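In case you want the letters, here they are:
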Amino acid sequence: MCPHPIRVRTAALDEAAALAAVQNTSWRQTYSSLLGERFYDDEALAARVRMWERSLGDDRLTIRVAEGAGAPVGVALAGPALGEDAVREEQLFILYVVAAWHGTGAGPALLQAVLGDRPAQLWVAAENPRAVRFYAREGFRADGAELIDHDADDLREIRMIR
């Protein structure tokens, strides 16, 4: 556990590269056994920077950053649920915390900052038991919906709702 306190704040418009770096690092730490190197390489990082640039300019989205030791260590993004099969009005799209900051309270603080206690849905990799347990502790439950992400090496995802 890191000795530095966590501060959750609104993301700044010029933080796309920093948020992409947090996401990329977290993906590598979490999914390296499930997904190939192309998901973490320079091209993937550049695509994440572009995604964050678009997201930071979208006022329908809520984006919060967990900062520790003066740098971003986690990020969360929520907004209106996507898809005709949505079962909640809001959706958590992203919640990533770099591994060195797991267990510091950054994850729950980020979730609270973007959703509060409101009903929501999310999709999580079925083979990420740590994340599934985290969301269950935060009041989410699997509702039986699944999808196969063909763009992510056929990663199986489950929908969780609260």
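Since the structure is predicted, the reported quantities are computational estimates derived from the model, not experimental observations. Residue positions within a chain follow its written sequence, with the count starting from 1. Selection of residues for local features in this predicted model requires a pLDDT of at least 70, selection of side-chain atom pairs for listing and counting requires 80 or more, and totals for whole chains, interfaces and linings are taken over all residues. Note: side-chain values were computed over all heavy atoms of the structure, leaving out hydrogens and water.

(A) Broad picture of the pairing of strand β2 (residues 62-68). Each residue is placed in one exposure class: buried if its accessible area under a 1.4 Å probe, protein chains only, is under 20% of its type's maximum, exposed if it is over 50%, and partly exposed if it falls in between. By definition, any uninterrupted DSSP run of H or I lasting at least four residues is a helix, any uninterrupted run of E lasting at least two residues is a strand, and each is numbered from the N terminus. Extensive coverage of β2 is indicated by the burial of five of its seven residues. Judged from the five bridges that link them, strand β1 (residues 6-10) and β2 form a sheet pairing that is antiparallel. When the sheet's bridge partners are listed, T10 is paired in β2 with R64. As paired elements, β2 and strand β3 (residues 71-80) share seven bridges and run antiparallel to each other. Residue pairing across strands places G68 opposite A71, the latter belonging to β3. Two strands pair if DSSP finds at least two bridges between them. Once β2 ends, the chain turns through two residues before running back antiparallel as β3, passing A69 with a positive phi of about 55°.

(B) The pattern of salt bridges, seen in detail. By salt bridge we mean one thing: a side-chain nitrogen of Lys or Arg within 4 Å of a carboxyl oxygen of Asp or Glu. Tallied over the entire structure, the rule returns seven salt bridges. Between R118 and E90 there is a salt bridge; the shortest N-O distance is 2.6 Å. On the criterion of sequence distance, the pair formed by R118 in the loop between α3 (106-115) and β5 (121-125) and E90 in strand β4 (residues 90-97) is long-range, its members being 28 residues apart. Taking the relative accessible area as the measure of exposure, R118 reaches 39% and is therefore partly exposed. E146 is paired through a salt bridge with R156; the nearest N and O atoms lie 2.8 Å apart. With E146 in strand β6 (residues 141-149) and R156 in strand β7 (residues 155-161), this residue pair connects regions lying ten residues apart in the sequence. For E146, a relative accessible area of 47% gives the class partly exposed. Judged by its relative accessible area of 34%, R156 is partly exposed. Overlapping salt bridges, with partners in common, bring together R7, R9, E15 and E67 in one network.

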